[in-house]
Number of protein chains: 2
Amino acid sequence: MPKYQAPLKDMKFLLYDVLEIGAYSNLPRFADAPRDVIDAVLDGGATFASEVLQPINAIGDKQGCKRNPDGSVTTPKGFREAYQRMSDDGWMAISADPQFGGQGLPRVVAFPFLEMCSSANMAFSMYPGLTRGAAEAIQHGGSEGQKKTYLPNMVSGKWSGTMNLTEPQCGTDLGLIRTKAVPQPDGSYKITGQKIWISGGEQDLAENIIQLVLARIEGGPEGIKGISLFIVPKFLVNADGSLGARNAFQCGGLEEKMGIHGNATCVMNYEGATGYLVGEAHKGMRTMFVMMNEARLGVGLQGLSQAEVAFQNAADFARERLQGRSITGAKSPDKPADPIIVHPDVRRMLMDMKAFIEGGRAFAYWTALQGDLEVVSPDPHVREKAEDRMALLTPVIKAFLTDRGFKSASEALQLHGGTGYTREQGVEQFVRDARIALIYEGTNGIQALDLVGRKLAANGGRAVFSFFSDLEDFVSSNDENEKLKPYVDGVTTATAQLKDGTMWLMQNGMSNFDNAGASSHDYLQLFGLTALALMWAKMAKAALERQGNGDRFYDDKLATARYYFERVLPDATSHLAKVKAGAAPVMALSADAF
Amino acid sequence: MPKYQAPLKDMKFLLYDVLEIGAYSNLPRFADAPRDVIDAVLDGGATFASEVLQPINAIGDKQGCKRNPDGSVTTPKGFREAYQRMSDDGWMAISADPQFGGQGLPRVVAFPFLEMCSSANMAFSMYPGLTRGAAEAIQHGGSEGQKKTYLPNMVSGKWSGTMNLTEPQCGTDLGLIRTKAVPQPDGSYKITGQKIWISGGEQDLAENIIQLVLARIEGGPEGIKGISLFIVPKFLVNADGSLGARNAFQCGGLEEKMGIHGNATCVMNYEGATGYLVGEAHKGMRTMFVMMNEARLGVGLQGLSQAEVAFQNAADFARERLQGRSITGAKSPDKPADPIIVHPDVRRMLMDMKAFIEGGRAFAYWTALQGDLEVVSPDPHVREKAEDRMALLTPVIKAFLTDRGFKSASEALQLHGGTGYTREQGVEQFVRDARIALIYEGTNGIQALDLVGRKLAANGGRAVFSFFSDLEDFVSSNDENEKLKPYVDGVTTATAQLKDGTMWLMQNGMSNFDNAGASSHDYLQLFGLTALALMWAKMAKAALERQGNGDRFYDDKLATARYYFERVLPDATSHLAKVKAGAAPVMALSADAF
């Protein structure tokens, strides 16, 4: 059976020593989160994740969810109790707005907790995760009455939330949505249509399920400009807040999937269900994008989280499994064989995972901090810069962390040899669960297009030039630090490559959009590698300042940074070459030649 | 439901136009295989694969194998009939020795057939595949009596074969084997011990199962030098060839796995079972290596085969799924959206798969041809060169084709978006099935060590220098061909990088073995990329000679070759950089730092 222990030391190193969040203690949210509070949240969260969520992860995979003949859905054994406990103990929305019952912690503090929950049980964590996203959409786009009616119970977890976007004929292209909304005399709408792949669309965890549904108001504009967003609760809510009539929709079936079996993926049939418009008619995508961007960061964390738990189990296996002898002479001569961790190729796999995970974690948390500063900073320049970073980096977080997260989970399986392929051992579940993260909330290909097609061009390239400044500022403010030189040099190299790729795209992507499309995947990878280079250099700096106190953690951090620059970052060269190869070789064949 | 159609045109292009096997018609095996015979084998094989094996592939995945209370194993519905049909129609051992009932076709002709069967149904194909391997081991190492007793029925498929290596405490490190063999007065042995992960160890397909079992004869040397190989038939064979008593072993359980559910992965308990020594005592590894090397090429083909079938389904999906508009303007304005194949990033995925698959196929078939020449050529120099190539390239075929094959299958899933993650669609099965190929028959890490630790050094580097000659001879004999120049230049670049990496290894791997171990994975990848560069240049040459006859196949081949050199081969640069980074960053941490 797999194990999971939250990497608390690394998480705290990032928050306190690298991101130095103590420096923001004069700002809202941060002011109420002194170090002892954050420590308590992280320590308690770690216990909750490993003691409550992790033990039901394999059960959830094995049992899956069941749809009963009456359309209700039964989640795996233990999920109800865990959900209840999560709600009772106040873990549902630790960063939600206090006016609706949240604890109001900074997002950067919530991220480690979310990572832990996802490592411990990704399928389970999607239920509260989507609830959080739906609540934020309502908070962002809903009326005061809607907020009052729905948010307190969603924040507490008493009610859950979902997002209903996909239909059989439309996934990525939401302009093709056919679900229909017909205005009623009382101001509500009747919603009719079929939605598919709705995570948590039906379940037995929460008293009420608040569906956020994209639909087309009859007579509205065609395409994406005619899409509106509706609140469609499973049980209508009476004026006194109590639950009223069951709304007219049903779960028509569950999808059998490669993984995340513990999460109910529902076909939802709306049959004249009562819905309430959120925000303006035909402007539903605006609010939905709030939810999606939030969710994209969460999906990036999922990729990282599966890499982490798979890595932990691989490291244990590598220390315990005796097989073969070290090529430089027996290391455990008293045993029948050496533990396989002595073999350089096993080390390579572990180091690849470790360098990705710790760098990716820094990147995710750093971006989460931008999400806080975007809201709480009193300085408009800081807010703008933070907002730019968030917008620019969200697709990178989503795609890069899930691509490499899946790869890491698969590498962890590989390290286990045949054992890893057995279901009993459990690491293969992480690979199957991680696989969805490359797809949902916009496939990684869509993230790459978002990056090159929207985010680079926005405001005349302001965000990307600002990110170049982040890189160059780090280099210039540290170029006299001799000990930091190898890491600073790595950032310099990475920056030059990213700039080269960016310039190529700006020169060639506008004249021929296919160049942008053909290069988008490799450009995003190049971007992610560069972002992690900056993160590793920042971590190296923090580690150098603390090294020598007898704690090996900092030496190991520096050694892993070195590994990143010498054995991971070289990938950037290949990605840059592919970016600059352009569209011609990609588009040469006719569609029927495949 | 997924589809599969054998890529006959590409297969024939390789055999006739690229490998030009017509030139060997004066050699044994080839002499009996004129083009019309080969065409009939391939065309008939394609029909067999897609009509008999492919329809039961998803069923096999869903049902899996069942162990009954009496220890017998029931394979999925349809497997028995398909196996019978395969045997009846003579498909079991088309390249086996005619003296035992085989058809004696060259191995290079059998390879396309094996690829087809594996694409159509990988889990099923393992039953005949292991039977073939076991038969070859007996043919190579067994006595005349053993050959006469076992081979005809194994070649026909009436009996099946397996390999029993792994035990709970030993997988890679076979020196740790504990299964015991006690000599009996009649010359036989009593075999006692537990073997795990035995593919097809028990099943209901064949009348008898011939287990090849590695065990330690009591009192023999310790470690790998004390391992002997035994034939342990499920039913003892009477002097007249009829089946006698049931032997004393049982299937103690089936492994639940990530994939290949249609293949029974058995725990085998030997309880004083009667076994017959194959070859010399304590020299079992020699013969087992014959079987393993054979099997390794087959596993490489499995990687390729899953990429191919996943690719075909992805290409169909990309042509059919309507979603979004081309970024260069609508391509199907009469439809609600364009097919997703218009999008450059979708093309990138398809081209990545296509360039890998067609290059990998050429590489596999070219290596298979070496396996023929090694045996049938009258010229000792040709035989030696062919043997060198086989030995050198077997680990590359195994690891490179399974690494990239898995990656391609996963990319095909990605192209399907959410649909790809559903079990109903079926592409996710290819990903799960393909995953095992990176592990069994020696993990890919072991293949890489075999390449750098054994194959490079053997005979003073003769094989690798001979491979450099292959590369350089191609360049020098084609350097005046203007049209071929881009491809020849690509080979030149690749050769220089491979030589650079090889020289680095020769200089640094001997002085510090950890350098060899730490670089082995990336060196193998570099090797595979270079081998595919040679293959693509050879294919480009053959295509150029045939281009312009109105058949677009050759134009497409040239365009795909261009894609390979411009958008795949750049990976070599990263791998070379990682090779030369050496062991220091890999080995820096202590074991407890992970």
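Quick caveat: nothing in here was measured; it's all calculated off a predicted structure. Position numbers for residues count from 1 along each chain, tracking the sequence in the order it is written. The order in which chains are written sets their letters, starting at A; the order in which ligands are written sets their numbers, starting at 1. Per-residue local features are limited, in this predicted model, to residues with pLDDT of at least 70; the limit for side-chain atom pairs, both in listing and counting, is 80 or more; totals at the level of whole chains, interfaces and linings are taken over all residues. Excluding hydrogens and water, the side-chain values take into account all heavy atoms of the structure.

(A) Structural detail: the confidence of the model for chain A. A score between 0 and 100, pLDDT records how confident the predictor is in each residue. For chain A, per-residue confidence averages 97 on the pLDDT scale, and 100% of positions sit at 70 or higher. Quick note on the complex model: pTM equals 0.98, ipTM equals 0.97.

(B) Examining the interface of chain B and chain A more closely. Two residues qualify as a contact provided that any one of their heavy atoms is within 4.5 Å of a heavy atom in the partner residue. Opposite the 93 residues of chain B that make contact, chain A presents 93 residues. Buried area counts how much accessible surface, traced with a 1.4 Å probe, disappears from two parts once they are put together, with both parts' losses summed. Both sides together, the interface formed by chain B and chain A hides about 7,900 Å², and carbon and sulfur atoms give 59% of it. Between Glu256(A) and Lys62(B) there is a salt bridge, with the nearest N and O atoms lying 3.6 Å from each other. What qualifies as a polar contact is a pair of N or O atoms within 3.5 Å, subject to a donor-acceptor requirement within protein and to the restriction that residues adjacent in sequence count only when both atoms come from side chains. Our count for the chain B to chain A interface comes out at 47 residue pairs in polar contact (both at pLDDT 80 or more). Put simply, DSSP H or I for four residues or longer makes a helix, DSSP E for two residues or longer makes a strand, and each gets a number counted from the N terminus. No other element matches the nine residues that helix α17 (residues 552-568) of chain B contributes to the side of chain B that touches chain A. Tallied by class, the residues present in the side of chain B that touches chain A amount to 41 nonpolar, 25 polar and 27 charged. For salt bridges, the criterion is a side-chain nitrogen of Lys or Arg within 4 Å of an Asp or Glu carboxyl oxygen. Under the grouping applied here, Gly and all other residues not named as nonpolar or charged are polar, the nonpolar ones being Ala, Val, Leu, Ile, Met, Phe, Trp, Tyr, Cys and Pro and the charged ones Asp, Glu, Lys and Arg.

(C) Summary view of helix α10 (residues 380-415) of chain A. Residues and elements named next belong to chain A. An expected span of 1.5 Å times one less than the residue number is assigned to each helix. Over its 36 residues, α10 extends 49 Å from the first C-alpha to the last, a length consistent with the 52 Å expected when each residue adds 1.5 Å. Of all bends in α10, the biggest is about 40 degrees, found at leucine 393, and the proline proline 395 comes one to four residues later. Only protein chains enter the accessibility calculation, which uses a 1.4 Å probe; a residue is then buried when its area is under 20% of its type maximum, exposed when over 50%, and partly exposed in between. With 26 of 36 residues buried, α10 is to be regarded as a mostly interior element. The backbone nitrogen of histidine 381 has a side-chain oxygen 2.8 Å away, supplied by the residue at the start of α10, namely aspartate 379. A positive phi of about 60 degrees marks glycine 417, the residue just after α10. Here the bend at a residue is taken as the angle between two axes, fitted respectively to the seven residues that end there and the seven that start there.

(D) Structural detail: the packing of aromatic side chains. Residue and element names in this part refer to chain A. Two aromatic rings, drawn from Phe, Tyr or Trp (for Trp, its six-membered ring), form a pair once their centres lie within 6.5 Å of each other, and the interplanar angle then sorts them: stacked below 30 degrees, edge-to-face above 60, tilted otherwise. Tallied over the entire structure, the rule returns 35 aromatic pairs over all chains. Ring geometry for tyrosine 523 against phenylalanine 527: centres 5.8 Å apart, planes inclined by 75 degrees, an arrangement best described as edge-to-face. Taken together, the residues tyrosine 523 and phenylalanine 527, both in helix α16 (residues 513-546) and four residues apart, mark about one turn of the helix. Overall, the relative accessible area of 0% leaves tyrosine 523 in the buried class.

(E) Inspection of the pairing of strand β6 (residues 208-217) of chain A at higher detail. Residues and elements named next belong to chain A. Summarising burial for β6: 10 of the 10 residues are buried, a large majority. The pairing criterion is simple: DSSP has to find at least two bridges between the two strands. Two elements, strand β3 (residues 159-164) and β6, share six bridges in a ladder whose sense is parallel. Note that in β6 the partner of asparagine 164 across the bridge is valine 213. Of the strand pairs in this sheet, strand β4 (residues 180-183) and β6 are connected by two bridges, and their pairing is parallel. Counted as the bridge partner of lysine 180 is arginine 216 from β6. By the bridge criterion, seven bridges tie β6 to strand β7 (residues 227-233) in an arrangement that is antiparallel. Residue pairing across strands places glutamine 211 opposite valine 232, the latter belonging to β7.

(F) Inspection of the side chain of Arg348(B) at higher detail. Here Arg348(B) is to be found in helix α9 (residues 344-376). The exposure class of Arg348(B) is buried, given its relative accessible area of 4%. Once residues within four sequence positions are removed from consideration, Arg348(B) is found in contact with Ala518(A), His521(A), Asp522(A), Val586(A), Glu411(B), Tyr563(B) and Arg567(B).

(G) Highlighting the relation of the copies chain B and chain A. Residues below a pLDDT of 70 in either copy are left out; the C-alpha atoms of the rest, at least 70 in both, set the least-squares superposition of the copies. In the superposition of chain B on chain A (RMSD 0.0 Å, axial shift 0.0 Å), the rotation amounts to 180 degrees. Taken together, the turn and the small shift mark the pair as related by a two-fold rotation axis. No C-alpha of chain B lies nearer the rotation axis than that of Ser574(B), which sits 3.0 Å from it. Taken as a fraction of all interface residues of chain B, those also at the interface in chain A reach 100%, which identifies the copy contact as same-surface.

(H) Summary view of the nonpolar core. Here, nonpolar core refers to any group of buried Ala, Val, Leu, Ile, Met, Phe, Trp, Tyr and Cys residues whose side-chain atoms link them within 4.5 Å. Counting 418 residues, the largest nonpolar core has Leu350(A) and Leu350(B) as its most contacted members. Not counting the four nearest positions on each side in its chain, Leu350(A) is found in contact with Phe311(A), Ala314(A), Ala315(A), Ala318(A), Ile341(A), Leu415(A) and Phe594(B).

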